[in-house]
Amino acid sequence: MTLNLLAFETSSSRCGVALLRDDGDGLPWVAQLEHEGAQEHAERLLPMAGELLASAGLAPADLDAVAFGQGPGGFTGLRVACGVAQGVALGLGVPVLPVVSHLAVAEDAQAGPDEAVLVALDARMAEAYLAAYVLEPVLEPLQGPASAAVPAWRVLQPPMLIAAEEVLPWAMDRLAVWSREAGRELSLRLAGDAWQAYPEAMPVTGLRQAPLDRPRAATVARLAREGWLRGEALPPEEAAPLYVRDKVAFTTAERLGGLGGNPRASRALPVEQFVLQGMMRDDLDSVTALEAQVQAFPWTRGNFEDALKSGYPACVLRQGARLAGFCVLMPAPDVAHLLVIAVAGDLQRHGLGRRLIEWCQTQAVESGVQGIVLEVRPSNENARRFYERLGFQQIGVRKGYYPAAGGREDALVLRRDVAPPGGSA
């Protein structure tokens, strides 16, 4: 087997590209280029890739696959790596291999089989993207003579968003559960840059810490090779970043118990009272507060801030000085992805949600895409009926997409086609 693979990793301020060559007769050869600068990912990525290919005497047509760090991380960086990988793969007619960025950090943590690697990456705003992994022996060797020694990773905790001060108490509470799942007593090994970012909230005294702090493209490439050998390559159109939008916090149980909620409105309100405006940075505090009131697992202020920095279309609906609702779209090559939408609980059932969807429809038409897609929880029957009334139809299911009380919940993927100017949806 021979494999030429290009990998991109831009989930943090580090921009990395790696080229992996595997001739099937030993350990693969990997070369890497990196650049520090979050605002330069898009302009640096392809020139760095071209430089690596040229130095190896390869042309783009020699590539067999393209890999990318899937995240979680900053919205802009994740979109750049995924979009470039998808574009290159589509142009060459080769598959893609998404690699969770936290797993790349765990891979470089030099952990032993009795250590649970707790990867915490800085999510800003005193929060961390957190995941946990443990090495397991390989039951069946992968293809190739050097594959028998390659360990496998068990996911103890998929990436989630958590307050920095909650990381260690939560992990210590879970350690006994992880040990039972692994069938052996585990200790913690810390990895990621959040430990340095929040030393007071996340003290490392007495705990082992890995030397590497952020994911690297070379490691993404090596993990992608293992995925290639396991047959995990995907068609380019299925490439997608891993956005961890849901905040896991101790107030979740309170919200699930009924605080906040979605009370039914008691009287009609004139629609003209509400003004639709583009979302601005000054809106973020009120937007974040409303999101926390109506969602059990809300977006954080950092999520909204990243969306605005990325230039995503976003709007707010105001009744005087009061925020009544908002929504955020993410442009994609052929669809607009409705990332988040909310209406204040006491203002629901007044047509405000429909007005926000109509704004999304206008944005989609103006950008020339073919449809709007979104995710919704199967358990959220009110939202499902609302979207169905507006013409959204189910096109798929994302398994374990949402966090839920006691585990994970699937997401229904819905789509509504948009009409060209002068047409009808």
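Keep in mind that this is a model prediction, so the values were computed, not measured.

Trainee: What am I meant to see in the overall build of the chain here?
Mentor: For the chain, the count of helices and strands is 11 helices and 18 strands. The buried share among the 425 residues of the chain stands at 51%. Carbon and sulfur atoms make up 51% of the accessible area of the chain, which totals about 19,100 Å².

Trainee: Looking at this model, I keep getting lost on helix α4 (residues 167-182). Mind explaining?
Mentor: Because an α-helix packs 3.6 residues into every turn, residues spaced three or four apart end up facing the same way. Here α4 contains 16 residues, and its C-alpha end-to-end distance of 21 Å stays within 8% of the 22 Å for a straight helix at 1.5 Å per residue. Residue L175 marks the point of greatest curvature in α4, where the axis turns by about 35 degrees. Along α4, the residues that are buried comprise V167, L168, W170, A171, L175, W178, S179 and A182. Downstream of α4 by a residue or two, G183 has a phi angle that is positive, lying close to 75 degrees.

Trainee: Can you help me understand the pattern of salt bridges in this one?
Mentor: When charged atoms on two side chains of opposite charge get close, those side chains can pair. In the structure shown here, the tally under the stated rule is 22 salt bridges. Put simply, R184 and E136 hold a salt bridge, and the shortest N to O gap is 3.0 Å. With a gap of 48 residues between them, R184 in the loop between α4 and β9 (187-191) and E136 in strand β7 (residues 127-136) connect regions that are remote in the sequence. Between E381 and R385 there is a salt bridge, and its shortest N-O distance comes to 3.8 Å. With E381 and R385 both in helix α11 (residues 381-389) and four residues apart, this pair spans about one turn of that helix. R385 sits in the partly exposed class, given a relative accessible area of 40%. Counted as one network, the salt bridges with shared partners bring together R14, E34, D213, R214 and R216.

Trainee: It is not clear to me how the packing of helix α8 (residues 284-294) against helix α9 (residues 301-309) should be interpreted in this structure. Could you clarify?
Mentor: The packing of two helices is summarised by the inter-axis angle and the distance between the axes. Two numbers describe how α8 lies on α9: the axes approach to 9 Å, and their chain directions differ by 130 degrees. On the basis of the axis angle, α8 is oblique to α9. Here α8 runs over α9; the crossing is right-handed. Where α8 abuts α9, its residues L284, D285, V287, T288 and E291 lie against R301, F304, E305 and L308. Among the residues making up the contact of α8 with α9, the classes are represented as four nonpolar, one polar and four charged.

Trainee: For this particular structure, what's the right way to read the sheet that holds strand β3 (residues 29-36)?
Mentor: Each strand in a sheet pairs with its neighbour through backbone hydrogen bonds, running either in the same direction (parallel) or in the opposite one (antiparallel). In space, the five strands of this open sheet follow the order β3-β2-β1-β4-β5, with mixed pairing throughout. For this open sheet the edge positions go to β3 and β5 (96-100), each flanked by a neighbour on one side alone. Averaged over neighbouring strand pairs, the angle between their axes works out to 20 degrees when direction is ignored. Across four bridges, strand β1 (residues 3-9) lies against strand β4 (residues 65-71) in parallel orientation. Each bridged residue has a counterpart across the sheet, and for L5 the counterpart in β4 is A65. Helix α2 (residues 75-92) contacts β1, β4 and β5 of the sheet and is inclined by roughly 165 degrees relative to β4. Strands β1, β2 (14-22), β3, β4 and β5 of the sheet are contacted by helix α6 (residues 217-229), whose axis makes an angle of about 135 degrees with β1.

Trainee: In this structure, what is going on with the side chain of R14? I would like to understand it.
Mentor: On the secondary structure map, R14 appears in strand β2. A distance of 3.5 Å separates a polar side-chain atom of R14 from the backbone oxygen of R214.

Trainee: What should I look at first to understand the pairing of strand β16 (residues 371-376) in this one?
Mentor: In the case of a regular strand, side chains alternate between the two sheet surfaces. Counting buried positions along β16 gives six out of six residues, so the element sits mostly inside the fold. By the alternation rule, side chains of β16 split into G371, V373 and E375 and I372, L374 and V376, which are all buried. Looking at chain direction, strand β15 (residues 335-343) and β16 are connected through three bridges and run parallel. Counterpart to A336 in the pairing with β16 is I372.

Trainee: Would you take a moment to explain the sheet that holds β16 for this structure?
Mentor: Across the sheet, which stays open at both edges, the seven strands sit in the order β12-β13-β14-β15-β16-β18-β17 with mixed pairing between neighbours. Since the sheet does not close on itself, it has two edges, and those belong to β12 (274-278) and β17 (393-404), each with one partner. Between one strand axis and the next, the sheet turns through 25 degrees on average, direction left out of account. As judged from the six bridges shared by β16 and strand β18 (residues 407-417), these two strands associate in the antiparallel manner. Residue V373 lies in a different strand from β18, and its bridge partner there is R415.

Each value, and the rule that gives it
- Along each chain, the written sequence defines residue order, and numbers are assigned to residues from 1.
- Predicted model: local features are reported for residues with pLDDT of at least 70 only, side-chain atom pairs are reported and counted for 80 or more only, and whole-chain, interface and lining totals are derived from all residues.
- With hydrogens and water excluded, all non-hydrogen atoms of the structure serve as input to the side-chain values.
- By definition, any uninterrupted DSSP run of H or I lasting at least four residues is a helix, any uninterrupted run of E lasting at least two residues is a strand, and each is numbered from the N terminus.
- When accessible area is computed with a 1.4 Å probe and restricted to protein chains, residues below 20% of their type maximum are described as buried, those above 50% as exposed, and intermediate ones as partly exposed.
- The method behind every accessible area is Shrake-Rupley, applied with a 1.4 Å probe, and residues are considered shielded solely by the protein chains displayed.
- Multiplying 1.5 Å by the helix residue count minus one yields the expected span of that helix.
- One axis is fitted to the seven residues ending at the residue and one to the seven starting there. The bend at that residue is the angle between these axes.
- The working definition used for a salt bridge is a side-chain nitrogen of Lys or Arg within 4 Å of a carboxyl oxygen of Asp or Glu.
- In this analysis an axis means a line fitted to C-alpha atoms, helices contributing only their contacting stretch, and an angle means the value between N-to-C directions, from 0 to 180 degrees.
- An angle below 35 degrees is read as roughly parallel, one above 145 as roughly antiparallel, one from 65 to 115 as roughly perpendicular, and any other as oblique.
- Rotating anticlockwise by less than a right angle from the far helix to the near helix defines a left-handed crossing, while the corresponding clockwise rotation defines a right-handed one.
- It only takes one pair of heavy atoms within 4.5 Å for two residues to be counted as in contact.
- Ten residues, namely Ala, Val, Leu, Ile, Met, Phe, Trp, Tyr, Cys and Pro, are considered nonpolar, four, namely Asp, Glu, Lys and Arg, are considered charged, and the remaining ones, Gly among them, are considered polar.
- Strand pairing is assigned whenever DSSP detects at least two bridges linking the two strands.
- Between N or O atoms, a polar contact is any pair within 3.5 Å; within protein, one atom must be a potential hydrogen donor and the other a potential acceptor, and residues adjacent in sequence are included only when both atoms are from side chains.

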